[in-house]
Amino acid sequence: MKLPLLFLENPFSQIYVPQETYSFAWERFIQEDYAAVRTIIARMTGGSTVSSSSASVPYAKAVGLFCWALVFQKDHSELDRLRAMIGESIIRSEKELHIAFLWYDLAVGRYAQAREEIASYIKDYESEVDEHLPFYLFFRSYADSRLGKLAESIQDAEVARALFILHGSEHFSALASNHLGLLFRQLSQYQIALNWFGRALSYYDRLSLKRKQSMVRMNLGVTYYKMARYADADKALTESLNIGIKGKWLHRQCFANIALGNVRRLQRDFDSARRHLHAAYNQAQELTYPREEALALEFLGDVYRDEGQPAEARRFYARAKAIAEKLAPEGDIVMEVHRRVGECHHLEGDLGAALPELDRALQMARAQGDRFEEAVTLRVLAEAAAAGGDGATARLRIDQAIAILREIEARHEAANALLASAQLALDEADGADGEQERDRLDLAWSQATAALELYLHVDVAWWTEQGRLLVDRIARRRAARDRAEAGGRRTYAPGDVIIHTSRAMKDLLQLTDMFASSGEPVLVTGETGTGKELVARRIHTRSGRAKGPLVTVNVAAIPATVFEREFFGHVRGAFSGADRDQPGYAALAHGGTLFLDEIGELPMAMQPKLLRLLQEGTYQAIGDPTERRADVRLVAATNADVAKLVAAGLFRADLWYRLRILELDLPPVRERPEDVRPLLRHFLSLAAGRPVDPAEIFDPESLAAAEAWSWPGNVREIAMIARRAHVEQQSRGSVRLDLVDGTRRLTLAGRAVRALAAAEGASATNASPLGAPSG
């Protein structure tokens, strides 16, 4: 409905409307019923006017509220019509109208123009504080935030919010709270941002303001993904989008689609990301929202960059930059695009084109106080410097990036920077020797494992795999370095629960301890006899569940027919002979750790029930319809190739993926020969009840051969050999053990036995073929 322009016949100052009717229109405005606001105000201003009294409000105030409704409805044509009919001179003289049209200017991206106009009006309030001042301060803050002036923006927003509260305007104080959340998020102070959004949302939830709920949930979602809390982000953004769809608010759908598309990209779901971003781009064009159009193009470029198509990505970035430069040449989108374009040039190997873009991005990020973008740009600059052979600059840049990202708790980008630093340290080790090589390899290991730990919290499989791959490369390199340095020397650390001196086991146990602090399932793989149960016990004792029980279940030893009963328990009367309630392994492990050995043998019928226990923490005992809960941490072990079982349809893929979120692969003994003597020493000592050096039992030739042996039974076989050696030494005073692996044979003997064998061999050589004395 259009507004009758009564001022064409009478000056604004002489026209008033009923207070009661205006108040009703204001209530509808708060409830976001903007169509009703327009109808009420048009009807009340279309009738006879009233004189100024305590029961009336100025006509300009009613027209201002009408214009606010138009702004929120995005009815730009009607706003332009009113602006032309009323005239700029009247708009500027009537503050209620001026405020409404300033908000319109800001809503369509006229930031610099609006800010200049606002500044001149704020000067009028140097000695006066009235109900209009917080609006001017809030609008100037909004314009400054879009122009990259964050410090000034925060100062104005905080004062505006305080004044809104002072004047009893809870609605606009909530808007200011939301705006402050955006500002602190841009400064990478995410927890402060969440607090501001929480204040705004509590007001909007209390009044059931759906449009505003959608807005703040979208802002929460974006903040969560900056913190790499992708599950929280996806949930908040999906809620925001659904509210927008239900309310048929195209702009709310546009905003949510942009953010949700970016979250899906970060989760490596590129098809979903593209769908949301293309929808957002089309919606932004329909709404004539240039900023959102630029953001959708920017994030679409990110999708192509992450898919390995940097040239295609640059096409989208160029379009985004062309739009953003018209809005705010020094603003955040232009800054972000400079960094992204530089990164693409780097990926294409064109450092000459990359460095100017990255340097400009860094300069803008520092000017805007955007520490997140500053750190990410430093990381890309470090990678570019390393590619150009400038290791010193690369190290300086990456260390700066890590420090900032850790400080602002940006977990995903911190992991990316740590991984880049680990790769740089690995490259630095290539040109080093001695202590410097060891120092670089140690740095690479510590930063790669720190990156992996962060990736595990981010919970995106692709990123976790990148961390694992680099950790594995570094572990192998360190193990090779240790073997080269050892040169046959062996050491032993008595008292270790898991006996080892090899780098491979040191690194694996460090990962074990890191995984122990997580609540996620752990899958321990390795050949028979490598010590999977010992690793499971270590995970339990070093976790937060150490005071709870560790329940060990050999899956292969339980018949399939009774597995469910053993695992989940039963109630009295559930079957013949069930004369009492019996808890299962799940209940017994409550508050602790459940270790399932030989998980590949788990019956198919049990697999969905175990998955339910993992995902929801619930199960049902046999004969009991009531759902029960169990708080358990699962550790599973297998020596089977579960991937082949999945391919053959013998193991559920969803359970397999859930189990292997954290995976530890125990190396066989043949890949860590430096552990053979310490293991022999340990098990000989256990058998004798006193410290025993292997040299007391075996001769040097046997010990050297033992280190080169394949040990198909791994640690368990070494333990068995040590016990047999002890028994033979005690009963016969000498040791001779024969080992077989396929066609290979090994004899482990003591000094006396080998000397006797040598003597017997010499005697046989001197004997005649017929056994008669020679001569």
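Scroll up to find the structure.
Rules of the game
- Residues numbered from 1 in each chain as written.
- Predicted model: local features only at pLDDT ≥ 70, side-chain atom pairs only at ≥ 80, totals over all residues.
- Heavy atoms only, no water.
- Core = buried A, V, L, I, M, F, W, Y, C linked by side-chain atoms within 4.5 Å.
- Buried < 20%, exposed > 50% of the residue type's maximum accessible area, 1.4 Å probe, protein only.
- Helix = DSSP H or I, 4+ residues; strand = E, 2+ residues; numbered from the N terminus.
- Contact = heavy atoms within 4.5 Å.
- Phe/Tyr/Trp six-rings, centres within 6.5 Å; stacked < 30°, edge-to-face > 60°.
- Lys NZ or Arg CZ within 6 Å of the ring centre and 35° of its normal.
- Pairing = 2+ DSSP bridges.
- Axes fitted to C-alpha atoms, helices over the stretch in contact; angles between N-to-C directions.
- Arc of directions from axis to C-beta.
- Salt bridge = Lys/Arg side-chain N within 4 Å of Asp/Glu carboxyl O.

Student: Could you give me a rundown of the nonpolar core, with the residues and numbers involved?
Tutor: Across soluble globular proteins, you tend to see nonpolar side chains buried next to one another. Of all hydrophobic cores here, the largest spans 196 residues; its most connected members are Trp68, Trp103, Phe139, Tyr204, Tyr225 and Phe515. The leading source of residues in this core is helix α3 (residues 59-73), at 12 residues. Setting aside its immediate chain neighbours within four residues, Tyr204 contacts His171, Ala174, Leu175, Leu209, Lys212, Gln213, Met215 and Val216. In terms of nonpolar packing, the next biggest core, distinct from the first, is built from 33 residues, Leu523, Val562, Val642 and Val646 among them.

Student: So what's going on with the packing of aromatic side chains? Which residues, and what values?
Tutor: Applying the stated criterion across every chain, the model contains 31 aromatic pairs. Arranged with centres 5.3 Å apart and planes meeting at 20 degrees, the rings of Trp26 and Phe29 form a pair that is stacked. Placement of the pair is Trp26 and Phe29 together in helix α1 (residues 19-30), with a separation of three residues, close to one helical turn. Here the basic side chain of Arg110 rests over the ring of Tyr104, its NZ or CZ set 5.4 Å away from the ring centre. For Arg274, the ring lying beneath its charged end belongs to Tyr304, and the centroid distance is 5.2 Å.

Student: Account for the sheet that holds strand β10 (residues 633-638), naming residues and giving values.
Tutor: Spatial ordering of the open sheet is given by β4-β7-β10-β3-β11, a layout of five strands whose pairing is parallel. Edge positions in the sheet fall to β4 (550-554) and β11 (662-665), since each of these pairs with one other strand and no more. Neighbour to neighbour, the strand axes of the sheet diverge by 15 degrees on average, direction disregarded. Sheet topology note: the strand β7 (residues 593-597)/β10 ladder contains four bridges and is parallel. Along β10, the bridge assignment pairs Leu594 with Leu634. Sitting on the sheet, helix α25 (residues 503-516) touches β3 (522-525), β10 and β11, and the angle it makes with β11 is about 155 degrees.

Student: Give me helix α4 (residues 76-86): which residues, what numbers.
Tutor: Among all positions of α4, only His76, Glu78, Leu79, Leu82, Arg83 and Ile86 are buried. In a view along the axis of α4, the buried residues occupy a sector of 160 degrees, so they form one face of it. Exposed and facing more than 90 degrees away from the buried side of α4 are Ser77 and Ala84. Directly after α4, the chain includes Gly87, whose backbone phi takes a positive value near 95 degrees.

Student: Residue-level account of the side chain of His345, with values.
Tutor: Position of His345 among the secondary structure elements: in helix α18 (residues 332-347). The class of His345 is buried, set by a relative accessible area of 12%.

Student: Give a description of the pairing of strand β12 (residues 736-741) that names residues and reports values.
Tutor: As paired strands, β12 and strand β13 (residues 744-749) are joined by six bridges and run antiparallel to one another. Note that in β13 the partner of Val740 across the bridge is Arg745. Hairpin connection of β12 to β13: two residues between the antiparallel strands, including Gly742 at a positive phi of 65 degrees.

Student: Explain the pattern of salt bridges residue by residue, including any values.
Tutor: All chains considered together, the criterion is met by 61 salt bridges. Ionic pairing is found between Arg264 and Asp234, a salt bridge with its closest N-O pair at 2.7 Å. With Arg264 in helix α14 (residues 250-266) and Asp234 in helix α13 (residues 230-247), the pair connects residues that are 30 residues apart, well separated along the chain. This pair shows no difference in class: Arg264 is buried, exactly as Asp234 is. Taking the shortest distance from any N to any O, the salt bridge between Arg477 and Glu437 comes out at 3.3 Å.

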